[in-house]
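Structure assessment
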Amino acid sequence: MSDFELLDPSGLPVGGGTGANGTADDPLVDGLNPAQARAVTTRGPALLIVAGAGSGKTRVLTHRIAHLIREREAWPSQILAITFTNKAAAEMRERIEGLLGDASQGMWISTFHSACVRILRREAERFGYVSGFTIYDSADSRALLKRIIKELDADTYGFTPANSGSKISKLKNELVDAATHAATMNENDPRERLFVEIFRMYEQELKRANAFDFDDLIGQTVHLFRAHPEVAAVYQRRFRHILVDEYQDTNHAQYSLIRELTRPIEPEVVERLVPPAREREVDASGRISAASLTVVGDSDQSIYAFRGADIRNIVEFERDFSGAEVVKLEQNYRSTQNILSAANAVIGNNFDRQEKRLWTSEGDGERIVGFTGYSQHDEARFVAEEVEDLHRAGVGYSDIAVFYRTNSQTRALEELLIRSAIPYRVLGGTKFYERAEVKDAMSYLTSIANPYDPIAWSRLLGAPKRGVGAMAEAHLANFQEARGLSFHEAMLRAEEVTAIGPKIRATVRALGEMLVRASRMAAGGGATDVAGEEAVPAPVGDVMKLVLDETDMIEKLRAKRDPQDDARAENLEELLAVAREFDVKQPGAGLLAFLTEVSLVAAADDLDDSSGTVSLMTMHTAKGLEFKAVFITGVEEGLLPHQMSVDEIGGINEERRLMYVGITRARERLYLTLASTRATFGDVSVAMPSRFLQEIPEGLIDWRQSPGEVTGRGGTASRALNAPRAAGSGGSWSRTRNDSAVSFSGGGGGSGSAAVSEPASGNMQSALDKWRERKRLAKEAQATGGGFPNLVGGSVRDNGDLELATGDRIRHDEYGDGRVTGISGVGTKRIAHVVFDSVGERKLLVKLAPIEKLEP
């Protein structure tokens, strides 16, 4: 007999087990530190777990859920656990199953959007939708906005699908619709009036298509709960324990959803509940008390303000939820103390946070390594060489990551990694479901599930091309709207659309017949389950196979005999494999569930941390990841913190949190690198060391080359643009209250720190003018065969025909002379292993390396 068969027959859990506070031999508490144990066992109306980076928050959250169930304080079905990614939800579900086994069945563990989709699918008919509504992804929304903007000639006012969509998304995340925004806009501004019209038409088109965009999923659920208290009561009554991960990343809509789910059910609503409320559910005032709320997060890791995340949600949690307790998890299990001390020092300069200090019992570890290059190429060369040194020391490439603030920084890094024959990947390429051919196939499935969706219908008409042009499509769409038909029904009646030719009408009708046949298959085609109650949906793989076979999408791609088209065909075959896998994992779930799952896949879920490659990524992408060795590049004013943050309220604080996140991704080794000059979009400018470097205690950083050494005149005096000139300073400068110097200790001491404030504009302009002149002269020198030594030329040497063997002497443009000790790889991937007289062992990609073979 399981523990859950011992629950009260009334359906309400009863106390029991070892008690809510656990015992010394409690397996769910054993091995936890005191703060973690308290977070697992504390009970009350609200709990905030302030979880520092690497403090074991996922373990605490899963053990808390398991503890609630094992102590018979809740049924699994009474628990709602919300995460931000499907990957995190899957990991949490797997861990809980490992703790409880089958006893965890029935629990909702999902993202915000997934949970809202489940609710909306069940309740859609209450507010004018059908359960088969489509979820528009960003590309679908852009296509719709593009059409609206064209119809309104709004592009003449500077409106684009991107900027309109961004503003609409921001408003929806604030729970503001077109009508509400219209009431508060400046009516004297023609652009505002035009935007409101775009917003209004966008809402109308979504409604007409029986569709929601991604932002609607949460907002519509909140509106549903507020408009229909009896619907909200169903879920308020069901979910008695709500747990939210990464609470610092919640926006206003997500915060509002949590508030609605954790409201008590008022007596007048309790009276109308079905089934009726039991005596034990109701308090003395006749209400059903609010659900218990547990949130886990860290204000120091709130870095998504640009997505609408509101740090106030976590900072003001105790004010918003009366009686809330706070537990701080400060013991770190990821990083060394030197890394944590640097993180503590940086983030300690922010004021919008809950005070905490990370610590570890694992020891100080290696000092942080600092390096200042003369240019971004010099910086990248250092990164490449250190990566190779780490790899030779036994660190796998997959344990190394290089972070940067903006994507424009990757060019030099990629160039030097390629030349050094280091395998790498840039996280953030085109995702599988965003590829054109995949979206083409998915448009068929979307239309099959929702034949009122114009975006999916419009896309499938031309994929593959079948001669249905824009005019024919428009005539069909007008016919469909005028008759009030679904798009499938309109296609079956194509003969009535006389404005298009007979050949096109026949093509459209045949396509419509296939879609109707596929729709019937997806719905079950009249089959019933074992109980004979309802149709059993056909396997998604079968529906997709029908579409691919009938349209010849794969065969037509293969027939082109183009390697790129072959790759596209393979993507469609992979999509079919995905559908088959879904059928195996969720038998009988059907097409609607498959489309929902695909729509809710988050970008970060696709990260693969098992490959043997160095990972390059933005610091925002790095959130939630960890690596044995981390390089944070471009630690300069204008990059980190980013220039756009300077004038934004709270912008510098968010950039500091971003720096904190980057630092705390490192387990054992951390490198901070910068350059004294940097080329951005073809313009070279002087780079200033970041203010965040000054905030790190000097003794924590081992400077391989400090900013003072790079900018000093002979290494004895600072060459910062507006550094004060003082006699007898000896090259070590300090910032006074009235100057704005960037000051690093110069000389050969190998360590230093910087203080940064806003540079004097006059001095900066003068220096930029001088630098532009130097750059002009350097370009002239390059044109005549010379060159500026701190810049890597745009062209690369092609050594494809160069034959090398062990023992050969070569000369490298930067490393000097060396001897080849081995050759690996073949063709364009040949790698030379060389020991140079000046820098020691290096790996070079022969085809691109700036080398020449010396005569014996």
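Provided above is the structure to which this section pertains.
A brief look at the structure comes next. (Residues numbered from 1 in each chain as written. Predicted model: local features only at pLDDT ≥ 70, side-chain atom pairs only at ≥ 80, totals over all residues. Heavy atoms only, no water.)

1. Here's the deal with the overall build of the protein
For clarity, the cut-off: We count a stretch as a helix when DSSP gives it H or I for four or more residues in a row; a strand needs E for two or more, and each element gets its number in order from the N terminus. Summary of the burial criterion: residues with accessible area below 20% of their type's maximum are buried, those above 50% are exposed, and those between are partly exposed, where the area comes from a 1.4 Å probe applied to protein chains only. When checking whether two residues touch, look at their non-hydrogen atoms; a contact exists if any pair is within 4.5 Å. For every accessible area listed, the method is Shrake-Rupley and the probe measures 1.4 Å; residues are considered covered only by the protein chains on display.
When its secondary structure is counted, the protein shows 30 helices and 22 strands. Counting every position in the protein, which comprises 856 residues, the buried fraction comes to 52%. For the protein, restricting intrachain contacts to residue pairs at least 6 apart in sequence, the fraction spanning at least 24 positions comes to 72%. Of the roughly 38100 Å² of accessible surface on the protein, a fraction of 50% belongs to carbon and sulfur atoms.

2. A closer look at the packing of aromatic side chains
Going by this rule: Two rings belonging to Phe, Tyr or Trp (six-membered ring only in the last case) form a pair when the distance between their centres is within 6.5 Å. Interplanar angles under 30 degrees mark stacking, angles over 60 mark edge-to-face geometry, and anything in between is tilted. When the NZ atom of lysine or the CZ atom of arginine is within 6 Å of a ring's centre and also within 35 degrees of its normal, the charge is said to sit over that ring.
In the structure shown here, the tally under the stated rule is 17 aromatic pairs. For the ring pair Phe 84 and Phe 112, a centre distance of 5.5 Å and an interplane angle of 70° mean the geometry is edge-to-face. Here Phe 112 lies in helix H4 (residues 112-123) and Phe 84 lies in the loop between strand E2 (79-83) and helix H3 (86-100), a separation of 28 residues in the sequence. On the basis of relative accessibility, which here comes to 2%, the residue Phe 112 falls in the buried class. Among the aromatic side chains, those forming a connected cluster through ring pairs are Trp 108, Phe 225, Tyr 235 and Phe 239. Lying over the aromatic face of Phe 159, Arg 191 brings its terminal NZ or CZ to 4.4 Å of the ring centre. Positioned above the aromatic ring of Tyr 815, the side-chain terminus of Arg 842 is 5.8 Å from the ring centre.

3. Points about unusual backbone geometry
With an omega dihedral of -5°, the bond running from Ala 463 to Pro 464 counts as a cis peptide bond. When you line up the elements, Pro 464 lands in the loop between helix H19 (454-461) and helix H20 (470-483). The omega angle of the peptide bond from Leu 640 to Pro 641 is 10°, so this bond is cis rather than trans. On the secondary structure map, Pro 641 appears in the loop between strand E13 (627-632) and helix H27 (651-663). Positive phi, normally seen in glycine, also occurs at Leu 175, with a value near 60°. The backbone of Asp 552 sits at a positive phi, close to 55°, despite the residue not being glycine. Take Asp 552: it is sitting in the loop between helix H23 (540-551) and helix H24 (553-559).

4. A short note on the packing of H4 against helix H11 (residues 252-261)
Quick reminder of the rule: Lines fitted to the C-alpha atoms define the axes, with helices restricted to the stretch that makes contact. Angles between their N-to-C directions range from 0 to 180 degrees. The scheme is simple: roughly parallel for angles under 35 degrees, roughly antiparallel for over 145, roughly perpendicular for 65 to 115, oblique for anything else. Left-handed is the label given to a crossing in which the near helix is rotated counterclockwise from the far helix by less than a right angle, and right-handed is the label when the rotation is clockwise. Residues were grouped as follows: Ala, Val, Leu, Ile, Met, Phe, Trp, Tyr, Cys and Pro as nonpolar; Asp, Glu, Lys and Arg as charged; and all remaining residues, including Gly, as polar.
Packing of H4 against H11 leaves a shortest axis separation of 12 Å and a crossing angle of 55°. The orientation of H4 relative to H11 falls into the category oblique. Pair H4 / H11 crosses with left-handed handedness. The residues of H11 that touch H4, namely those facing Phe 112, His 113 and Cys 116, are Gln 254, Leu 257 and Ile 258. Classifying every residue of the contact of H4 with H11 by side-chain character gives four nonpolar, two polar and no charged.

5. Section: empty space enclosed by the protein
Operational definition: A 1.4 Å probe that fits but cannot get out identifies a cavity on a 1 Å grid over protein atoms alone, an open set with protein on both sides within 12 Å along at least five of seven lines counts as a pocket, and a residue lines either if it has an atom within 4 Å of a point. Grid points are joined across faces, edges and corners, and a volume is the space filled by probe spheres set on the points.
Scanning the model with the defined rule gives three cavities of 30 Å³ or more in all. Reported here for the largest cavity is a volume of approximately 50 Å³. In terms of lining residues, the largest cavity is bounded by Leu 416, Arg 419, Ser 420, His 812, Glu 814, Tyr 815, Leu 844 and Pro 850. Class assignment of the residues belonging to the lining of the largest cavity gives a composition of four nonpolar, two polar and two charged. In this model, the second largest cavity occupies a volume close to 40 Å³.

6. Regarding helix H5 (residues 138-152)
Selection criterion: The span one expects for a helix is its residue count, reduced by one, times 1.5 Å. Working definition: the arc comes from the directions between the helix axis and the C-beta atoms, pointing outward to the latter. Two N or O atoms count as a polar contact when they lie within 3.5 Å, although within protein this holds only if one can serve as hydrogen donor and the other as acceptor, and sequence-adjacent residues are included solely when both atoms are side-chain atoms.
The end-to-end C-alpha distance of H5, which contains 15 residues, comes to 21 Å, matching closely the 21 Å that a straight helix rising 1.5 Å per residue would cover. Along H5, the positions that sit buried rather than exposed are Asp 140, Ser 141, Leu 144, Leu 145, Ile 148 and Ile 149. Along the long axis of H5, the arc covered by the buried residues comes to 165°, so they all point the same way. Relative to its buried face, H5 has exposed residues pointing more than 90 degrees away, namely Lys 146 and Lys 150. Lining the buried residues of H5 we find strand E4 (134-136), helix H6 (161-173), helix H8 (190-208), strand E5 (211-213), helix H18 (436-449) and H19. Between a side-chain oxygen at the N-terminus of H5 and the backbone nitrogen of Ala 139 the separation is 3.1 Å; the capping residue is Asp 137. Directly beyond the C-terminal end of H5, a positive phi value near 55° is found at Asp 153.

7. Some words on the pairing of strand E1 (residues 46-51)
The cut-off we apply is this: Strands qualify as paired when DSSP identifies two bridges or more between them.
Counting buried residues along E1, six of its six residues qualify, which places the element largely inside the surrounding structure. Of the two faces of E1, the one holding Ala 46, Leu 48 and Val 50 and the one holding Leu 47, Ile 49 and Ala 51 are both buried throughout. Where E1 and strand E7 (residues 292-297) come together, five bridges link them in parallel fashion. Bridged to Leu 47 within E7 is Thr 294. Pairing analysis gives five bridges linking E1 to strand E8 (residues 325-329), with the strands arranged parallel.

8. Section: the pattern of salt bridges
Just so we agree on the cut-off: Any carboxyl oxygen of Asp or Glu within 4 Å of a side-chain nitrogen of Lys or Arg constitutes a salt bridge here.
Within this structure, the stated rule accounts for 54 salt bridges. Between Asp 216 and Lys 172 there is a salt bridge; the shortest N-O distance is 2.9 Å. Taken together, the positions of Asp 216 in helix H9 (residues 214-227) and Lys 172 in helix H6 put the pair 44 residues apart, joining distant regions of the chain. Exposure class is identical for Asp 216 and Lys 172. Each is buried. Measuring nitrogen to oxygen at the nearest pair gives 2.7 Å for the salt bridge that ties Asp 440 to Arg 459. On the criterion of sequence distance, the pair formed by Asp 440 in helix H18 and Arg 459 in helix H19 is long-range, its members being 19 residues apart. With relative accessibility at 18%, the residue Asp 440 sits in the buried group.

9. A word on the nonpolar core
Let me state the cut-off plainly: Take the buried residues of types Ala, Val, Leu, Ile, Met, Phe, Trp, Tyr and Cys, join any two whose side-chain atoms come within 4.5 Å, and each joined set is a nonpolar core.
Grouped together as the largest cluster of nonpolar side chains are 47 residues, with contacts concentrated most on Leu 445, Ile 448 and Phe 594. Discounting chain neighbours no more than four positions away, the residues touching Phe 594 are Met 442, Leu 445, Val 540, Met 544, Val 578, Ala 579 and Phe 582. Grouped together as the second largest cluster of nonpolar side chains are 44 residues, Leu 48, Ile 135, Ile 242 and Leu 293 included.

10. Considerations on the sheet that holds E2
Spatially, six strands are ordered E3-E2-E6-E7-E1-E8 in an open sheet, and the strand pairing comes out parallel. Each end of this open sheet is capped by a strand with a single partner; those strands are strand E3 (108-111) and E8. Neighbour to neighbour, the strand axes of the sheet diverge by 15° on average, direction disregarded. As paired elements, strand E6 (residues 241-244) and E7 share four bridges and run parallel to each other. Among the inter-strand pairings, Val 244 is bridged to a residue of E7, identified as Val 295. Contacts between H3 and the sheet are confined to E2 and E3, with E3 contributing the most and set at about 160° to the helix.

11. Description of the sheet that holds strand E19 (residues 816-824)
Spatially, E21-E20-E19-E18-E22 is the arrangement adopted by the five strands of the open sheet, whose pairing is antiparallel. Of all strands in the sheet, those bounded by a partner on one side alone are strand E21 (840-845) and strand E22 (851-853). Across the sheet, the axes of successive neighbouring strands diverge by a mean angle of 40°, strand direction being ignored. In the sheet, strand E20 (residues 831-836) pairs with E21 via six bridges, with the strands oriented antiparallel. Residue pairing across strands places His 833 opposite Lys 843, the latter belonging to E21.

12. Examining the pairing of E2
Extensive coverage of E2 is indicated by the burial of five of its five residues. With burial as the criterion, each face of E2 is covered, one bearing Ile 79, Ala 81 and Thr 83 and the other bearing Leu 80 and Ile 82. Summarising the sheet, E2 and E6 pair through four bridges and their orientation is parallel. Counted as the bridge partner of Ile 79 is His 241 from E6.

Honestly, it's all geometry; don't read function into it.
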